[in-house]
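Chain residues, written in single-letter form:
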Amino acid sequence: MAMFILRRVGVMILTALCLTFIVFFLTNLYPNLEKLAKTQGDFRMSDEEVASYLGRNGYLQPMAVKYGQWLGVVPGFVILDRDGVTRGQCIEPGTAPEDAPRFCGILQGDWGYSTVFREDVGKILGDKLALTGRLMFWVMVLMVPSALILGILAGMREGSRTDRTLSTFAITTTATPEYVSGVLFIAVFASTAVGLKWFKGTATAAMDNPTFENFFLPVLTIALYGMGYIARMTRASMAEVMTAQYIRTARLKGVSFPNVVMKHALRNALIAPFTVIMLQFPWLLNGVVIVETLFNYKGFGWTLVQAAGNNDIELLLGVSVISVVVVLVTQLISDIGYVFLNPRISVR
Amino acid sequence: MEPLSWSEIALRMLGLFLPVWIALIVTFALSITFKRRLGLYGKLFDSPIGMVGFAMVMFWVFTGIFGGAFDMILTHDVLSQSATMKNKGPGTPFTQMMGTPDPGAYPYYLLGGDNLGRDVFSRMIAGAWEVIKIAPFASMFSFMVGITLGLPAGYYGGRLDTLLSFMANLILAFPVILLFYLLVTPEIVQTGIPVYMAAVLFLFPIIFLLLLWNSRYHTQPSRRNVYVGVTLVIGLWLYSGIAWDADPLGLVSFPPNLLVVFVAVVFVNSPTVFRIVRGLTMDIKTRDYVAAAQTRGERPWYIMLWEILPNARGPLLVDFCLRIGYTTILLGTLGFFGLGLSPESPDWGSTINDGRKLLTMYLHPALPPAFALLSLVLGLNLLADGLREESLRD
């Protein structure tokens, strides 16, 4: 088991390195750097001015060196500028070049500086993750129990009318992307044209003061898309368990149907959905980006759009590192959890 | 003129869709008559869910073809704006700021006008064509890539499998939207990376077909040479036109921004297909008929393409339907974030994005494309469900 986890962690770190390098490579291509120089300096910069700006800020070094510096395994660049001032990646304004540390990458906890928000990337990410974490927490609270109940009710008696109805509902939710369901919810529950006005159409206020009124629609929108998929997996797994021999034996012994479902079937039926719930995270991340844009909730997903749209290189890299790590860690947990949960693999 | 009532709008829309209804009825009548001779496709008509799904999908396919390719259902030009029609509700008579409208023009905006005074109904119809002409082909290309790489990975296993699976997991660990934002920006297009990716990805269909013919007919060289030759000539001709925009005859070309969208969607979808094909191959290669073929001395690619692949067709077909639906959702996502497609494009994602900004006041610009997308994807999901049930039955 320890060997298995160790190997998975090794692969995970390798994957994370590859992925961050890809993002690093794509964001540091010359046209992107040129755009960055022009937005930071002046839109009418000539090509030479752009090149000198980039050179002064260390963008024109070889890609591998830049990646190493960003990661913190290669010493930060130090350049003697034309005006006689020594500039470097690790030299904060106001400190002497001699006092600055040699390495300053994400391994040292230095995430860089966002050019759009004019703030430290580490701080921005912390704030935004807290906001998105709150959103995700409520999504999970809503999504997981309702999906499991839905799936168990449908899978309990396969082919019954309840099963048909619930399965159709589950298919409909998987077929409705967040930008469609979100728009429909806003139209029905928040617009003046329909007049219900039960909820707010934006969640901007929920950043400081989340209430049921301004926070329910975004949560519901994300939860609904994932719910259908989990419910269908639960249904399939439940239906399979219900046809198993030991369930029939229990029924023949005279155990009541609710008892069979609760005591015998449920625990075995919940192994598969656990994996599925963990693997939903990459999808939820997409949902978060769409919903935060749609409801103007300035969390992690909204930051991704801002960073990517404005080519804010260091912020975008930070965002990618976090999302990639989240995805990989959930995959790891799902693998390990599967081994722990499955009675056929670990015999107690 | 008075605005139309809701029942009049519904009647007029039913009338405009007349060619679609006729095509649907003909398709269903023919299919149900000959359903015993049509294999799995015919069996679909035994399942009510499958039939409903098929009808919903074909409705949008016919709408897209008649509306987009033959210009039949559209009532107004999708790009022409009328200042007096801005945000006007459904059924408003068509007027123009200056002069009287062309007497031949359709007298109403059936589903109202959007924030620029364009006809919502026509844009929804044109949006169907945008989806129909990209989604199935993008899914097909993803399948070609996924199959060509997944079969050997599952069949040989070992180092090759480890390497390919690692690469697939790499792409799958990316949040899709981040990948889109990295690939589908004008700056990246400027560097030519999407073209190189297209050059690699579009080679796979040719490789796939060559392997297919060669493994089957290598004992009959004359026949093999004909098939391989025809595939090479047509394939490379299309390849040079589509991927490199360098068709020697100047007939085939692909709009550059559409190419980027296409490549991004194929790139995102192929790893999933790869994983499915790999899993199925690993399962099927333990069967007796594969062992029999190995004993006969068949070559690996023959076994993969002519023994394993046909036996994996059921799950693959089901996934193909789901994948078209997912591709439709991805295209909508791209449009929603304003990536890739031109800002005036009538595709559903872009129109939903335009409409959502005024959603609390005007519902009509955002809702028709939203319902259209929902019904198409739902149809594809139901169709996949029907196919799954029917293919499990035999």
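Residues numbered from 1 in each chain as written. Chains lettered and ligands numbered in written order. Predicted model: local features only at pLDDT ≥ 70, side-chain atom pairs only at ≥ 80, totals over all residues.

Under an unreviewed UniProt entry, the name given to chain B is Glutathione transport system permease protein GsiD, and the organism recorded is Roseovarius mucosus. In its Subcellular location (unreviewed entry) section, UniProt records this for chain B: "Cell membrane". On record in UniProt, under Sequence similarities (unreviewed entry), the comment for chain B is "Belongs to the binding-protein-dependent transport system permease family." (UniProt positions renumbered as here; feature names shortened; annotations may be inferred.)

What chain A contains, in helices and strands, is 14 helices and four strands. In terms of overall size, chain A is more extended than a compact globule, its C-alpha atoms giving a radius of gyration of 26 Å where 348 residues would be expected to give roughly 20 Å. Considering only C-alpha atoms, chain A reaches an extent of 90 × 60 × 30 Å along its principal axes. When the 348 residues of chain A are sorted by exposure, 39% land in the buried category. (Helix = DSSP H or I, 4+ residues; strand = E, 2+ residues; numbered from the N terminus. Rg over C-alpha atoms; globule rule 2.2 N^0.38 Å. Buried ≥ 20, exposed ≤ 12 C-beta atoms within 10 Å, placed from the backbone.)

Right, let's get into the overall build of chain B. Of the regular secondary structure elements, chain B holds 17 helices and two strands. At 24 Å, chain B has a C-alpha radius of gyration in line with the 21 Å of a compact globule built from 394 residues. Over its C-alpha atoms, taken along the principal directions, chain B stretches across nearly 80 × 55 × 40 Å. Relative to its 394 residues, chain B shows a buried fraction of 46%. Counted over contacts in chain B with a minimum sequence separation of 6, partners at least 24 positions apart contribute 71%. (Contact = placed C-beta atoms within 7 Å.)

Even without being glycine, Asn-296 of chain A reaches a positive phi, approximately 55°. Turning to its location among the elements, Asn-296 of chain A is positioned in the loop between helix 12 (281-294) and helix 13 (300-309). On the basis of neighbour counts, which here come to 15 C-beta atoms within 10 Å, the residue Asn-296 of chain A falls in the partly exposed class. You will see that Asp-71 of chain B, though not glycine, has its phi angle at about 60°, which is positive. Locating Asp-71 of chain B in the fold gives a position in the loop between helix 4 (48-69) and strand 1 (92-93).

With 39 residues of chain A at the contact, the number on the chain B side is 36 residues. Considering each element in turn, the side of chain A that touches chain B owes the most residues, seven residues, to helix 7 (residues 178-190) of chain A. Class assignment of the residues belonging to the side of chain A that touches chain B gives a composition of 27 nonpolar, 11 polar and one charged. (Nonpolar A, V, L, I, M, F, W, Y, C, P; charged D, E, K, R; others polar.)

With that settled, the discussion passes to the UniProt feature "domain: ABC transmembrane type-1" (unreviewed entry) in chain B. UniProt annotation of "domain: ABC transmembrane type-1" (unreviewed entry) refers to residues 128-384 of chain B when read in the numbering used here. As a span, residues 128-384 of chain B carries 80% helix and 0% strand, and end to end its C-alpha atoms are 20 Å apart.

Before going further, it helps to examine helix 7 (residues 176-183) of chain B. In terms of burial, helix 7 of chain B is largely enclosed, as seven of its eight residues are buried. Turning to helix 7 of chain B, its buried residues number three or more, namely Val-176, Ile-177, Leu-178, Phe-180, Tyr-181, Leu-182 and Leu-183 of chain B.

All names here are of chain B. Here helix 12 (residues 256-284) is 29 residues long and its end C-alpha atoms lie 40 Å apart, about the 42 Å a rise of 1.5 Å per residue gives. The axis of helix 12 is deflected most strongly, by about 30°, at Ser-270, and proline Pro-271 appears within four residues downstream. For helix 12, the buried fraction is high: 21 of the 29 residues fall into the buried class. (Expected span 1.5 Å × (residues − 1). Bend = angle between axes of the 7 residues up to and from the residue.)

Bringing the environment of Thr-174 of chain A into the picture now. Looking at the secondary structure, you find Thr-174 of chain A in helix 6 (residues 161-174). Separated by 132 residues in sequence, Thr-174 of chain A and Asp-42 of chain A place their C-alpha atoms 46 Å apart. Those residues in contact with Thr-174 of chain A that lie beyond four places of it in its chain are Gly-228 and Tyr-229 of chain A together with Asn-381 of chain B.

Turning our eyes to something else, we now look at the packing of helix 15 (residues 313-336) of chain B against helix 16 (residues 348-356) of chain B. All names here are of chain B. Interhelical geometry of helix 15 versus helix 16 gives an angle of 45° and a closest axis separation of 6 Å. Here helix 15 lies oblique to helix 16, going by the angle between them. Like other packed secondary-structure pairs, helix 15 and helix 16 cross with a definite hand, here right-handed. Here helix 15 contributes Leu-331, Gly-332, Thr-333, Leu-334, Gly-335 and Phe-336 to the contact with helix 16, which in turn contributes Trp-348, Gly-349, Ser-350, Ile-352 and Asn-353. (Axes fitted to C-alpha atoms, helices over the stretch in contact; angles between N-to-C directions. Parallel < 35°, antiparallel > 145°, perpendicular 65-115°, else oblique. Left-handed = near helix turned anticlockwise from the far one by under 90°.)

In this section: the environment of Ala-206 of chain A. Relative to the assigned elements, Ala-206 of chain A resides in the loop between helix 7 and helix 8 (212-242). Other than its neighbours up to four places away in sequence, Ala-206 of chain A contacts Asn-214, Phe-215 and Tyr-297 of chain A.

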